[in-house]
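Here's the letter readout for the chains.
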Amino acid sequence: MATSAPHALRTPFLRNPTLSLSSKPTLSSVFPVSLSSRRRAAPRLVVVLSAAGLDAKPTVLVAEKLGEAGLDLLKEFANVDCSYNLSPEELCTKISLCDALIVRSGTKVSREVFESSGGRLKVVGRAGVGIDNVDLGAATEFGCLVVNAPTANTVAAAEHGIALLTAMARNVAQADASVKAGKWQRNKYVGVSLVGKTLAVMGFGKVGSEVARRAKGLGMHVIAHDPYAPADRARAIGVELVSFDEALASADFISLHMPLTPATSKVLNDETFAKMKKGVRIVNVARGGVIDEDALVRALDGGIVAQAALDVFTVEPPPQGNTLVLHERVTATPHLGASTMEAQEGVAVEIAEAVVGALKGELAATAVNAPMVPAEVLTELKPYVVLAEKLGRLAVQLVAGGSGVKTVKVSYASARAPDDLDTRLLRAMITKGLIEPISDVFVNLVNADFTAKQRGLRITEERTVLDGSPESPLDSIQVQIANVESKFASAISESGEITVEGRVKDGVPHLTKVGSFEVDVSLEGSIILCRQVDQPGMIGTVGSILGEENVNVSFMSVGRIAPRKQAVMAIGVDDQPSKPALKRIGDVPAIEEFVFLKL
(Lines give C-alpha, C1' and ligand atoms only; values in the text may rest on other atoms or scores of the structure.)
Protein backbone atom coordinates (compact mmCIF):
# COMPACT_ATOMS: atom_id res chain seq x y z
CA MET A 1 0.00 0.00 0.00
CA ALA A 2 1.40 3.38 -0.98
CA THR A 3 0.16 6.80 0.00
CA SER A 4 0.74 10.34 -1.13
CA ALA A 5 -0.67 13.61 0.12
CA PRO A 6 -0.93 16.65 -2.10
CA HIS A 7 -3.12 19.23 -0.11
CA ALA A 8 -3.89 20.96 3.57
CA LEU A 9 -5.28 20.75 7.18
CA ARG A 10 -7.84 19.06 9.42
CA THR A 11 -10.78 20.63 11.25
CA PRO A 12 -12.36 19.40 14.51
CA PHE A 13 -14.68 16.41 14.06
CA LEU A 14 -18.35 17.31 14.35
CA ARG A 15 -20.97 14.60 14.27
CA ASN A 16 -24.52 15.72 14.57
CA PRO A 17 -26.17 14.51 11.36
CA THR A 18 -29.31 16.34 10.33
CA LEU A 19 -31.78 15.63 7.55
CA SER A 20 -31.82 18.28 4.85
CA LEU A 21 -33.63 18.58 1.54
CA SER A 22 -32.02 21.91 0.75
CA SER A 23 -30.39 22.68 -2.57
CA LYS A 24 -26.63 22.84 -2.94
CA PRO A 25 -24.78 24.42 0.00
CA THR A 26 -22.71 27.56 -0.40
CA LEU A 27 -18.98 27.58 -1.03
CA SER A 28 -18.29 29.27 2.28
CA SER A 29 -20.25 26.69 4.24
CA VAL A 30 -18.43 23.67 2.82
CA PHE A 31 -15.02 25.13 2.03
CA PRO A 32 -14.50 27.81 4.72
CA VAL A 33 -12.36 30.34 2.84
CA SER A 34 -12.59 34.08 2.48
CA LEU A 35 -14.13 34.81 -0.88
CA SER A 36 -12.92 38.40 -0.72
CA SER A 37 -9.33 37.17 -0.63
CA ARG A 38 -9.56 35.66 -4.11
CA ARG A 39 -8.18 37.68 -7.00
CA ARG A 40 -11.31 37.30 -9.11
CA ALA A 41 -14.07 34.89 -10.01
CA ALA A 42 -12.59 31.50 -10.76
CA PRO A 43 -12.14 30.34 -14.36
CA ARG A 44 -15.09 28.69 -16.03
CA LEU A 45 -13.56 25.68 -17.72
CA VAL A 46 -14.75 22.14 -17.40
CA VAL A 47 -13.40 18.96 -18.88
CA VAL A 48 -16.72 18.75 -20.71
CA LEU A 49 -17.53 21.49 -23.18
CA SER A 50 -20.29 23.76 -21.94
CA ALA A 51 -21.01 25.56 -25.19
CA ALA A 52 -21.67 22.33 -27.03
CA GLY A 53 -24.08 21.35 -24.32
CA LEU A 54 -26.09 24.46 -25.12
CA ASP A 55 -26.20 23.51 -28.83
CA ALA A 56 -24.14 26.61 -29.60
CA LYS A 57 -21.02 26.45 -31.69
CA PRO A 58 -17.89 27.54 -29.87
CA THR A 59 -15.77 30.33 -31.35
CA VAL A 60 -12.11 29.78 -32.23
CA LEU A 61 -9.86 32.79 -32.79
CA VAL A 62 -6.97 31.99 -35.15
CA ALA A 63 -4.45 34.78 -34.53
CA GLU A 64 -1.75 33.64 -36.95
CA LYS A 65 -1.83 32.02 -40.36
CA LEU A 66 -2.90 28.37 -40.30
CA GLY A 67 -3.00 25.81 -43.10
CA GLU A 68 -6.30 25.33 -44.93
CA ALA A 69 -6.63 21.71 -43.87
CA GLY A 70 -6.60 22.77 -40.22
CA LEU A 71 -9.06 25.60 -40.82
CA ASP A 72 -11.43 23.22 -42.58
CA LEU A 73 -11.37 20.89 -39.56
CA LEU A 74 -12.10 23.79 -37.22
CA LYS A 75 -14.97 25.09 -39.36
CA GLU A 76 -16.74 21.73 -39.19
CA PHE A 77 -17.11 22.17 -35.44
CA ALA A 78 -16.77 25.85 -34.56
CA ASN A 79 -17.16 29.42 -35.71
CA VAL A 80 -13.69 30.43 -36.86
CA ASP A 81 -12.41 34.01 -36.66
CA CYS A 82 -9.13 34.45 -38.57
CA SER A 83 -7.72 37.76 -37.34
CA TYR A 84 -4.00 38.13 -37.93
CA ASN A 85 -1.48 40.70 -36.66
CA LEU A 86 -3.58 41.72 -33.67
CA SER A 87 -2.03 44.14 -31.22
CA PRO A 88 -2.00 43.02 -27.55
CA GLU A 89 -4.87 45.41 -26.88
CA GLU A 90 -6.91 44.09 -29.82
CA LEU A 91 -6.31 40.49 -28.70
CA CYS A 92 -7.49 41.28 -25.17
CA THR A 93 -10.61 42.93 -26.57
CA LYS A 94 -11.50 40.00 -28.83
CA ILE A 95 -10.70 37.18 -26.44
CA SER A 96 -13.79 37.58 -24.24
CA LEU A 97 -15.88 36.37 -27.20
CA CYS A 98 -13.75 33.27 -27.86
CA ASP A 99 -13.67 29.73 -26.48
CA ALA A 100 -10.33 28.84 -28.06
CA LEU A 101 -7.27 30.66 -29.37
CA ILE A 102 -4.72 29.33 -31.86
CA VAL A 103 -1.34 31.02 -32.22
CA ARG A 104 2.07 30.30 -33.64
CA SER A 105 5.23 31.82 -32.13
CA GLY A 106 4.53 35.48 -32.87
CA THR A 107 1.55 36.11 -30.56
CA LYS A 108 2.12 36.57 -26.84
CA VAL A 109 -0.64 34.97 -24.78
CA SER A 110 -0.07 36.85 -21.54
CA ARG A 111 -1.83 36.88 -18.18
CA GLU A 112 -3.77 39.90 -19.42
CA VAL A 113 -5.23 37.76 -22.20
CA PHE A 114 -6.53 35.18 -19.73
CA GLU A 115 -7.88 37.88 -17.42
CA SER A 116 -9.58 39.62 -20.35
CA SER A 117 -11.27 36.37 -21.42
CA GLY A 118 -13.55 36.56 -18.40
CA GLY A 119 -13.19 32.81 -17.95
CA ARG A 120 -14.57 31.95 -21.38
CA LEU A 121 -11.26 30.87 -22.94
CA LYS A 122 -11.08 27.09 -22.62
CA VAL A 123 -8.06 26.13 -24.71
CA VAL A 124 -5.02 27.77 -26.27
CA GLY A 125 -3.48 25.89 -29.18
CA ARG A 126 0.15 26.55 -30.08
CA ALA A 127 0.70 25.52 -33.72
CA GLY A 128 4.20 24.19 -33.15
CA VAL A 129 6.31 22.81 -30.34
CA GLY A 130 7.57 25.69 -28.17
CA ILE A 131 5.14 27.33 -25.77
CA ASP A 132 7.35 30.07 -24.29
CA ASN A 133 5.00 32.71 -25.76
CA VAL A 134 2.14 31.42 -23.56
CA ASP A 135 1.94 32.25 -19.84
CA LEU A 136 1.43 28.70 -18.58
CA GLY A 137 1.08 29.77 -14.96
CA ALA A 138 -1.81 32.09 -15.79
CA ALA A 139 -3.37 29.48 -18.09
CA THR A 140 -3.34 26.91 -15.30
CA GLU A 141 -4.68 29.37 -12.73
CA PHE A 142 -7.57 30.26 -15.05
CA GLY A 143 -8.23 26.62 -15.90
CA CYS A 144 -7.31 27.02 -19.56
CA LEU A 145 -5.83 24.01 -21.32
CA VAL A 146 -2.76 24.66 -23.46
CA VAL A 147 -2.04 22.19 -26.25
CA ASN A 148 0.69 22.14 -28.86
CA ALA A 149 1.54 20.26 -32.05
CA PRO A 150 4.76 18.47 -31.15
CA THR A 151 5.09 15.90 -33.92
CA ALA A 152 4.00 17.32 -37.28
CA ASN A 153 7.00 19.59 -37.80
CA THR A 154 9.66 17.33 -36.30
CA VAL A 155 11.12 16.21 -39.62
CA ALA A 156 10.91 19.71 -41.13
CA ALA A 157 12.81 21.24 -38.20
CA ALA A 158 15.42 18.48 -38.31
CA GLU A 159 15.88 18.94 -42.05
CA HIS A 160 16.32 22.68 -41.62
CA GLY A 161 18.90 22.06 -38.91
CA ILE A 162 20.87 19.84 -41.28
CA ALA A 163 20.43 22.38 -44.10
CA LEU A 164 21.91 25.12 -41.92
CA LEU A 165 24.69 22.80 -40.76
CA THR A 166 25.82 22.00 -44.29
CA ALA A 167 25.23 25.51 -45.66
CA MET A 168 27.31 26.98 -42.83
CA ALA A 169 30.13 24.47 -43.29
CA ARG A 170 30.38 25.34 -46.99
CA ASN A 171 29.60 29.08 -46.76
CA VAL A 172 26.66 28.66 -49.14
CA ALA A 173 24.77 31.83 -48.16
CA GLN A 174 27.83 34.09 -48.18
CA ALA A 175 29.12 32.69 -51.47
CA ASP A 176 25.69 33.10 -53.06
CA ALA A 177 25.53 36.76 -52.01
CA SER A 178 29.07 37.29 -53.31
CA VAL A 179 28.34 35.80 -56.73
CA LYS A 180 25.14 37.84 -57.06
CA ALA A 181 27.20 40.94 -56.26
CA GLY A 182 29.36 40.18 -59.31
CA LYS A 183 32.31 38.69 -57.41
CA TRP A 184 34.10 35.34 -57.81
CA GLN A 185 35.84 34.63 -54.49
CA ARG A 186 36.63 30.91 -54.47
CA ASN A 187 39.53 31.21 -52.05
CA LYS A 188 37.55 33.28 -49.53
CA TYR A 189 34.76 30.73 -49.14
CA VAL A 190 36.72 27.54 -48.62
CA GLY A 191 34.65 25.42 -46.24
CA VAL A 192 35.15 22.54 -43.83
CA SER A 193 34.14 18.89 -44.19
CA LEU A 194 31.57 17.22 -41.94
CA VAL A 195 32.92 13.68 -42.19
CA GLY A 196 34.65 12.59 -39.01
CA LYS A 197 33.73 15.77 -37.12
CA THR A 198 31.99 15.67 -33.74
CA LEU A 199 28.47 17.08 -33.54
CA ALA A 200 27.05 17.77 -30.07
CA VAL A 201 23.25 17.68 -30.07
CA MET A 202 22.07 19.74 -27.10
CA GLY A 203 18.58 18.45 -26.34
CA PHE A 204 17.87 14.91 -27.47
CA GLY A 205 14.11 15.08 -27.95
CA LYS A 206 12.15 14.47 -31.13
CA VAL A 207 13.96 17.02 -33.30
CA GLY A 208 17.36 16.48 -31.73
CA SER A 209 17.25 12.75 -32.27
CA GLU A 210 16.18 13.20 -35.90
CA VAL A 211 19.09 15.60 -36.46
CA ALA A 212 21.39 12.99 -34.91
CA ARG A 213 20.14 10.28 -37.30
CA ARG A 214 20.80 12.47 -40.32
CA ALA A 215 24.20 13.65 -39.07
CA LYS A 216 25.24 10.02 -38.60
CA GLY A 217 24.35 9.49 -42.23
CA LEU A 218 26.74 12.33 -43.16
CA GLY A 219 29.59 10.51 -41.45
CA MET A 220 29.71 12.63 -38.31
CA HIS A 221 30.45 11.39 -34.81
CA VAL A 222 27.42 12.39 -32.73
CA ILE A 223 27.27 12.98 -29.00
CA ALA A 224 24.31 14.42 -27.10
CA HIS A 225 23.46 16.08 -23.83
CA ASP A 226 19.98 15.81 -22.36
CA PRO A 227 19.39 15.05 -18.65
CA TYR A 228 16.03 13.43 -19.49
CA ALA A 229 16.96 11.37 -22.55
CA PRO A 230 16.75 7.58 -22.17
CA ALA A 231 20.13 5.96 -22.72
CA ASP A 232 18.64 3.03 -24.67
CA ARG A 233 17.15 5.38 -27.30
CA ALA A 234 20.51 7.11 -27.72
CA ARG A 235 22.32 3.77 -28.06
CA ALA A 236 19.81 2.62 -30.67
CA ILE A 237 20.73 5.61 -32.84
CA GLY A 238 24.44 5.23 -32.14
CA VAL A 239 24.73 8.38 -30.03
CA GLU A 240 26.72 8.76 -26.83
CA LEU A 241 25.09 10.73 -23.99
CA VAL A 242 27.60 12.99 -22.24
CA SER A 243 27.62 15.77 -19.66
CA PHE A 244 26.99 19.39 -20.62
CA ASP A 245 30.63 20.43 -20.15
CA GLU A 246 31.93 17.38 -22.02
CA ALA A 247 29.65 18.16 -24.95
CA LEU A 248 30.93 21.75 -25.10
CA ALA A 249 34.57 20.74 -24.87
CA SER A 250 34.41 17.94 -27.46
CA ALA A 251 32.25 19.40 -30.20
CA ASP A 252 33.35 20.71 -33.58
CA PHE A 253 29.71 21.55 -34.28
CA ILE A 254 26.92 22.23 -31.76
CA SER A 255 23.25 21.93 -32.70
CA LEU A 256 20.73 23.35 -30.20
CA HIS A 257 17.36 21.62 -29.70
CA MET A 258 16.38 22.53 -26.14
CA PRO A 259 13.23 24.36 -25.02
CA LEU A 260 13.43 27.85 -23.59
CA THR A 261 12.98 27.58 -19.83
CA PRO A 262 14.45 29.49 -16.87
CA ALA A 263 17.15 26.80 -16.74
CA THR A 264 18.08 27.11 -20.43
CA SER A 265 17.73 30.87 -20.86
CA LYS A 266 21.11 32.17 -22.17
CA VAL A 267 22.69 28.82 -21.44
CA LEU A 268 25.27 29.68 -24.09
CA ASN A 269 27.02 32.73 -22.66
CA ASP A 270 30.50 34.11 -22.13
CA GLU A 271 31.29 31.44 -19.54
CA THR A 272 30.11 28.51 -21.64
CA PHE A 273 31.66 29.84 -24.87
CA ALA A 274 34.99 29.87 -23.03
CA LYS A 275 34.66 26.09 -22.45
CA MET A 276 34.28 25.32 -26.17
CA LYS A 277 36.87 24.14 -28.64
CA LYS A 278 38.28 27.10 -30.58
CA GLY A 279 36.68 27.26 -34.03
CA VAL A 280 33.42 25.58 -33.01
CA ARG A 281 30.39 26.11 -35.25
CA ILE A 282 26.89 26.54 -33.80
CA VAL A 283 23.43 25.84 -35.27
CA ASN A 284 20.25 26.99 -33.53
CA VAL A 285 16.80 25.96 -34.78
CA ALA A 286 15.33 25.79 -31.25
CA ARG A 287 14.74 29.07 -29.39
CA GLY A 288 16.67 32.31 -29.71
CA GLY A 289 16.68 32.95 -25.96
CA VAL A 290 18.94 29.99 -25.22
CA ILE A 291 21.88 32.01 -26.58
CA ASP A 292 23.16 35.25 -25.09
CA GLU A 293 23.35 37.05 -28.44
CA ASP A 294 25.81 39.73 -27.28
CA ALA A 295 28.09 37.00 -25.92
CA LEU A 296 27.87 35.16 -29.25
CA VAL A 297 29.00 38.28 -31.11
CA ARG A 298 31.99 38.52 -28.77
CA ALA A 299 32.78 34.82 -29.29
CA LEU A 300 32.60 35.27 -33.08
CA ASP A 301 34.83 38.32 -32.98
CA GLY A 302 37.27 36.57 -30.64
CA GLY A 303 37.59 33.49 -32.82
CA ILE A 304 36.12 31.06 -30.29
CA VAL A 305 33.11 30.51 -32.55
CA ALA A 306 34.07 30.21 -36.22
CA GLN A 307 30.52 30.41 -37.57
CA ALA A 308 26.90 30.39 -36.47
CA ALA A 309 23.74 29.45 -38.36
CA LEU A 310 20.63 30.84 -36.70
CA ASP A 311 16.97 30.31 -37.48
CA VAL A 312 15.68 31.84 -34.24
CA PHE A 313 16.41 34.99 -32.27
CA THR A 314 15.64 36.45 -28.86
CA VAL A 315 13.46 39.11 -30.48
CA GLU A 316 11.66 38.16 -33.68
CA PRO A 317 12.00 39.75 -36.09
CA PRO A 318 15.39 41.12 -34.97
CA PRO A 319 15.66 44.90 -35.01
CA GLN A 320 17.11 46.62 -38.05
CA GLY A 321 20.90 46.79 -37.94
CA ASN A 322 21.20 43.87 -35.51
CA THR A 323 24.93 43.21 -35.11
CA LEU A 324 24.55 39.45 -34.90
CA VAL A 325 22.36 39.16 -37.99
CA LEU A 326 24.75 41.34 -40.02
CA HIS A 327 27.88 39.50 -38.90
CA GLU A 328 29.64 38.10 -41.97
CA ARG A 329 30.14 34.69 -40.35
CA VAL A 330 26.50 34.27 -39.41
CA THR A 331 23.94 32.55 -41.63
CA ALA A 332 20.44 33.71 -40.70
CA THR A 333 16.97 32.50 -41.69
CA PRO A 334 13.60 33.90 -40.52
CA HIS A 335 12.36 31.07 -38.25
CA LEU A 336 11.87 28.59 -41.09
CA GLY A 337 12.26 25.40 -39.04
CA ALA A 338 8.71 24.23 -39.61
CA SER A 339 8.23 26.01 -42.91
CA THR A 340 7.71 23.25 -45.41
CA MET A 341 4.39 22.87 -47.17
CA GLU A 342 3.99 19.40 -45.69
CA ALA A 343 4.84 20.49 -42.16
CA GLN A 344 2.56 23.54 -42.31
CA GLU A 345 -0.42 21.38 -43.25
CA GLY A 346 0.56 18.73 -40.71
CA VAL A 347 0.86 21.24 -37.88
CA ALA A 348 -2.45 22.84 -38.86
CA VAL A 349 -4.24 19.51 -38.77
CA GLU A 350 -2.56 18.40 -35.54
CA ILE A 351 -3.38 21.59 -33.64
CA ALA A 352 -6.91 21.76 -35.04
CA GLU A 353 -7.59 18.18 -33.91
CA ALA A 354 -6.17 18.94 -30.45
CA VAL A 355 -8.25 22.11 -30.04
CA VAL A 356 -11.48 20.53 -31.27
CA GLY A 357 -10.88 17.52 -29.04
CA ALA A 358 -10.35 19.77 -26.03
CA LEU A 359 -13.51 21.74 -26.81
CA LYS A 360 -15.43 18.48 -27.00
CA GLY A 361 -14.19 17.61 -23.53
CA GLU A 362 -11.60 15.07 -24.62
CA LEU A 363 -8.35 15.01 -22.69
CA ALA A 364 -5.55 15.96 -25.07
CA ALA A 365 -2.40 13.86 -25.09
CA THR A 366 -0.52 17.00 -26.22
CA ALA A 367 -1.57 19.13 -23.23
CA VAL A 368 1.41 21.00 -21.84
CA ASN A 369 -0.01 22.42 -18.61
CA ALA A 370 -1.68 19.24 -17.39
CA PRO A 371 -0.30 15.82 -16.49
CA MET A 372 0.77 14.09 -19.67
CA VAL A 373 -1.50 11.06 -19.85
CA PRO A 374 -0.81 8.72 -22.78
CA ALA A 375 -3.70 8.16 -25.17
CA GLU A 376 -3.97 4.46 -24.34
CA VAL A 377 -4.22 5.27 -20.62
CA LEU A 378 -6.92 7.86 -21.31
CA THR A 379 -8.94 5.28 -23.22
CA GLU A 380 -8.59 2.66 -20.51
CA LEU A 381 -9.43 5.02 -17.65
CA LYS A 382 -12.38 6.72 -19.36
CA PRO A 383 -15.20 4.94 -17.43
CA TYR A 384 -13.27 5.32 -14.16
CA VAL A 385 -12.92 9.04 -14.82
CA VAL A 386 -16.72 9.29 -14.85
CA LEU A 387 -16.94 7.16 -11.71
CA ALA A 388 -14.36 9.30 -9.89
CA GLU A 389 -16.16 12.56 -10.60
CA LYS A 390 -19.57 11.20 -9.58
CA LEU A 391 -18.25 9.76 -6.33
CA GLY A 392 -16.81 13.19 -5.50
CA ARG A 393 -20.17 14.80 -6.30
CA LEU A 394 -22.04 12.31 -4.11
CA ALA A 395 -19.64 12.63 -1.20
CA VAL A 396 -19.68 16.43 -0.99
CA GLN A 397 -23.48 16.59 -1.26
CA LEU A 398 -23.67 14.36 1.81
CA VAL A 399 -21.81 16.98 3.87
CA ALA A 400 -24.05 19.06 6.12
CA GLY A 401 -23.92 22.80 5.43
CA GLY A 402 -22.07 23.80 8.60
CA SER A 403 -19.12 21.47 8.05
CA GLY A 404 -15.80 22.43 6.50
CA VAL A 405 -14.30 19.94 4.04
CA LYS A 406 -10.57 19.88 4.58
CA THR A 407 -9.46 16.24 4.46
CA VAL A 408 -10.41 13.72 1.79
CA LYS A 409 -8.95 10.24 1.41
CA VAL A 410 -9.24 8.37 -1.87
CA SER A 411 -8.61 4.63 -1.89
CA TYR A 412 -8.00 2.69 -5.10
CA ALA A 413 -8.27 -1.10 -5.11
CA SER A 414 -6.44 -2.71 -8.01
CA ALA A 415 -4.66 -5.91 -8.97
CA ARG A 416 -2.01 -3.85 -10.73
CA ALA A 417 1.29 -2.83 -9.21
CA PRO A 418 1.29 0.70 -7.72
CA ASP A 419 3.64 1.98 -10.41
CA ASP A 420 1.34 0.66 -13.14
CA LEU A 421 -1.62 2.89 -12.25
CA ASP A 422 -1.51 6.62 -12.95
CA THR A 423 -4.12 8.19 -10.67
CA ARG A 424 -3.47 11.89 -11.40
CA LEU A 425 -6.42 12.06 -13.76
CA LEU A 426 -8.69 10.27 -11.30
CA ARG A 427 -7.64 12.59 -8.46
CA ALA A 428 -8.38 15.60 -10.66
CA MET A 429 -11.87 14.31 -11.43
CA ILE A 430 -12.60 13.58 -7.77
CA THR A 431 -11.51 17.15 -7.00
CA LYS A 432 -13.83 18.36 -9.74
CA GLY A 433 -16.71 16.40 -8.23
CA LEU A 434 -15.99 17.68 -4.73
CA ILE A 435 -15.79 21.38 -5.62
CA GLU A 436 -18.18 22.03 -8.50
CA PRO A 437 -21.50 21.13 -6.82
CA ILE A 438 -20.97 23.66 -4.04
CA SER A 439 -19.34 26.55 -5.89
CA ASP A 440 -19.24 28.52 -9.12
CA VAL A 441 -15.79 27.10 -9.92
CA PHE A 442 -15.30 24.83 -12.91
CA VAL A 443 -12.52 22.32 -12.39
CA ASN A 444 -10.56 20.19 -14.84
CA LEU A 445 -7.30 18.31 -15.16
CA VAL A 446 -5.47 21.58 -15.69
CA ASN A 447 -6.44 23.45 -12.54
CA ALA A 448 -7.58 20.69 -10.17
CA ASP A 449 -4.53 20.64 -7.88
CA PHE A 450 -4.28 24.44 -7.93
CA THR A 451 -7.96 24.82 -7.06
CA ALA A 452 -7.77 22.27 -4.23
CA LYS A 453 -4.70 23.95 -2.77
CA GLN A 454 -6.36 27.37 -3.05
CA ARG A 455 -9.23 26.09 -0.90
CA GLY A 456 -7.09 24.31 1.68
CA LEU A 457 -8.37 20.94 0.53
CA ARG A 458 -6.01 18.07 1.39
CA ILE A 459 -6.48 14.97 -0.74
CA THR A 460 -4.55 11.85 0.18
CA GLU A 461 -4.43 8.78 -2.02
CA GLU A 462 -4.13 5.18 -0.89
CA ARG A 463 -3.77 2.06 -2.98
CA THR A 464 -4.72 -1.47 -2.04
CA VAL A 465 -3.10 -4.16 -4.19
CA LEU A 466 -5.48 -7.06 -4.78
CA ASP A 467 -4.77 -10.60 -5.87
CA GLY A 468 -6.06 -11.57 -9.28
CA SER A 469 -5.83 -10.56 -12.92
CA PRO A 470 -4.72 -6.97 -13.66
CA GLU A 471 -6.76 -6.78 -16.87
CA SER A 472 -8.89 -3.94 -15.51
CA PRO A 473 -7.00 -0.95 -14.10
CA LEU A 474 -9.23 -0.71 -11.01
CA ASP A 475 -11.57 -2.85 -8.97
CA SER A 476 -13.06 0.02 -6.97
CA ILE A 477 -12.65 3.64 -5.86
CA GLN A 478 -13.60 4.81 -2.38
CA VAL A 479 -13.91 8.45 -1.30
CA GLN A 480 -13.93 9.39 2.39
CA ILE A 481 -14.46 12.87 3.86
CA ALA A 482 -13.25 13.16 7.45
CA ASN A 483 -14.19 15.51 10.28
CA VAL A 484 -17.54 16.66 8.93
CA GLU A 485 -21.22 16.43 9.73
CA SER A 486 -23.42 14.46 7.35
CA LYS A 487 -26.95 15.26 6.24
CA PHE A 488 -27.45 11.49 5.86
CA ALA A 489 -26.23 9.75 9.00
CA SER A 490 -26.01 6.33 7.34
CA ALA A 491 -23.26 7.65 5.03
CA ILE A 492 -20.93 7.77 8.05
CA SER A 493 -18.87 4.59 8.14
CA GLU A 494 -17.77 2.80 11.28
CA SER A 495 -14.48 4.72 11.16
CA GLY A 496 -16.36 8.03 11.32
CA GLU A 497 -16.02 9.39 7.78
CA ILE A 498 -18.57 10.03 5.06
CA THR A 499 -17.84 7.08 2.76
CA VAL A 500 -18.94 6.28 -0.77
CA GLU A 501 -17.51 3.57 -2.97
CA GLY A 502 -18.05 2.61 -6.57
CA ARG A 503 -17.11 0.23 -9.35
CA VAL A 504 -17.37 0.14 -13.13
CA LYS A 505 -19.64 -2.64 -14.41
CA ASP A 506 -19.91 -3.25 -18.13
CA GLY A 507 -18.49 0.19 -18.74
CA VAL A 508 -21.05 1.93 -16.48
CA PRO A 509 -20.16 3.47 -13.08
CA HIS A 510 -22.09 2.05 -10.13
CA LEU A 511 -22.41 3.14 -6.51
CA THR A 512 -21.65 0.03 -4.45
CA LYS A 513 -21.28 1.31 -0.90
CA VAL A 514 -22.66 4.12 1.26
CA GLY A 515 -21.26 4.31 4.77
CA SER A 516 -21.23 0.68 5.91
CA PHE A 517 -24.14 -0.38 3.66
CA GLU A 518 -23.59 -2.33 0.46
CA VAL A 519 -25.77 -1.12 -2.43
CA ASP A 520 -25.69 -1.41 -6.22
CA VAL A 521 -27.12 1.44 -8.25
CA SER A 522 -26.07 2.86 -11.60
CA LEU A 523 -24.67 6.39 -11.33
CA GLU A 524 -26.90 7.91 -13.98
CA GLY A 525 -29.40 10.73 -13.50
CA SER A 526 -29.77 11.36 -9.76
CA ILE A 527 -30.06 9.27 -6.60
CA ILE A 528 -32.37 9.12 -3.60
CA LEU A 529 -30.88 7.46 -0.52
CA CYS A 530 -33.28 6.26 2.19
CA ARG A 531 -32.51 4.67 5.54
CA GLN A 532 -35.47 2.58 6.58
CA VAL A 533 -36.68 -0.25 8.70
CA ASP A 534 -36.26 -3.37 6.57
CA GLN A 535 -39.80 -4.55 5.98
CA PRO A 536 -41.90 -5.76 3.04
CA GLY A 537 -43.44 -3.24 0.64
CA MET A 538 -40.91 -0.43 1.01
CA ILE A 539 -39.70 -0.55 -2.59
CA GLY A 540 -43.31 -0.52 -3.82
CA THR A 541 -44.31 2.34 -1.53
CA VAL A 542 -41.52 4.66 -2.62
CA GLY A 543 -41.82 3.56 -6.25
CA SER A 544 -45.53 4.39 -6.25
CA ILE A 545 -44.89 7.91 -4.94
CA LEU A 546 -42.35 8.52 -7.68
CA GLY A 547 -44.62 6.98 -10.31
CA GLU A 548 -47.47 9.27 -9.37
CA GLU A 549 -45.06 12.20 -9.90
CA ASN A 550 -44.10 10.81 -13.32
CA VAL A 551 -40.50 10.36 -12.13
CA ASN A 552 -38.90 7.40 -13.88
CA VAL A 553 -36.91 5.00 -11.68
CA SER A 554 -33.86 3.71 -13.55
CA PHE A 555 -32.33 1.54 -10.84
CA MET A 556 -33.06 0.44 -7.27
CA SER A 557 -30.98 -1.42 -4.71
CA VAL A 558 -31.31 -2.22 -1.02
CA GLY A 559 -28.42 -2.86 1.36
CA ARG A 560 -29.11 -4.05 4.88
CA ILE A 561 -27.19 -5.05 7.98
CA ALA A 562 -29.57 -7.96 8.76
CA PRO A 563 -33.13 -9.05 7.83
CA ARG A 564 -35.84 -6.91 9.44
CA LYS A 565 -33.21 -4.49 10.76
CA GLN A 566 -32.00 -1.24 9.24
CA ALA A 567 -31.50 -0.98 5.47
CA VAL A 568 -30.40 1.67 2.99
CA MET A 569 -32.31 1.91 -0.28
CA ALA A 570 -30.60 3.59 -3.22
CA ILE A 571 -32.93 4.69 -6.01
CA GLY A 572 -31.72 5.99 -9.35
CA VAL A 573 -34.12 8.52 -10.94
CA ASP A 574 -34.04 10.24 -14.32
CA ASP A 575 -35.62 13.47 -13.07
CA GLN A 576 -35.61 15.51 -9.89
CA PRO A 577 -38.76 14.82 -7.83
CA SER A 578 -40.78 17.80 -6.63
CA LYS A 579 -40.48 18.94 -3.03
CA PRO A 580 -43.98 17.58 -2.22
CA ALA A 581 -42.95 14.17 -3.59
CA LEU A 582 -39.80 14.19 -1.49
CA LYS A 583 -41.83 15.18 1.55
CA ARG A 584 -44.21 12.26 0.93
CA ILE A 585 -41.23 9.92 0.86
CA GLY A 586 -39.95 11.40 4.12
CA ASP A 587 -43.38 10.96 5.71
CA VAL A 588 -43.40 7.19 5.14
CA PRO A 589 -43.33 5.85 8.74
CA ALA A 590 -40.62 3.24 8.13
CA ILE A 591 -38.22 5.76 6.55
CA GLU A 592 -35.90 7.20 9.18
CA GLU A 593 -33.92 9.57 6.94
CA PHE A 594 -33.38 10.22 3.28
CA VAL A 595 -31.54 12.57 0.96
CA PHE A 596 -31.76 13.52 -2.72
CA LEU A 597 -28.40 13.74 -4.51
CA LYS A 598 -28.06 15.30 -7.94
CA LEU A 599 -25.43 13.90 -10.28
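Below is a short write-up of the structure. Just so we're clear, the structure is a prediction, and the values are computed from it rather than from any experiment. (Residues numbered from 1 in each chain as written. Predicted model: local features only at pLDDT ≥ 70, side-chain atom pairs only at ≥ 80, totals over all residues. Heavy atoms only, no water.)

As for its position among the elements, S476 is in strand β16 (residues 476–482). Other than its neighbours up to four places away in sequence, S476 contacts S411, Y412, A413, E501, G502 and R503. (Helix = DSSP H or I, 4+ residues; strand = E, 2+ residues; numbered from the N terminus. Contact = heavy atoms within 4.5 Å.)

Where helix α3 (residues 68–77) meets helix α15 (residues 341–359), the closest approach of the two axes is 7 Å, and the angle between their N-to-C directions is 20°. By the angle class used here, α3 and α15 are roughly parallel. In this structure, α3 meets α15 at a crossing whose hand is right-handed. Residues E68, A69, G70, L73, L74 and F77 of α3 pack against E345, A348, V349, A352, E353, V355, V356 and L359 of α15. Classifying every residue of the contact of α3 with α15 gives 10 nonpolar, 1 polar and 3 charged. (Axes fitted to C-alpha atoms, helices over the stretch in contact; angles between N-to-C directions. Parallel < 35°, antiparallel > 145°, perpendicular 65-115°, else oblique. Left-handed = near helix turned anticlockwise from the far one by under 90°. Nonpolar A, V, L, I, M, F, W, Y, C, P; charged D, E, K, R; others polar.)

This part is about the pattern of salt bridges. Per the counting criterion, the structure on display carries 23 salt bridges. Its salt-bridge partner being E592, residue R531 comes within 3.1 Å of it at the nearest N-O pair. Taken as a pair, R531 in strand β20 (residues 526–533) and E592 in strand β23 (residues 591–598) lie far apart in primary sequence, 61 residues in all. Here R531 falls in the buried class, since its relative accessible area comes to 18%. Under the relative-accessibility criterion, E592 is labelled partly exposed at 39%. It is possible to trace a salt-bridge network through shared partners that takes in D99, R120 and K122. (Salt bridge = Lys/Arg side-chain N within 4 Å of Asp/Glu carboxyl O. Buried < 20%, exposed > 50% of the residue type's maximum accessible area, 1.4 Å probe, protein only.)

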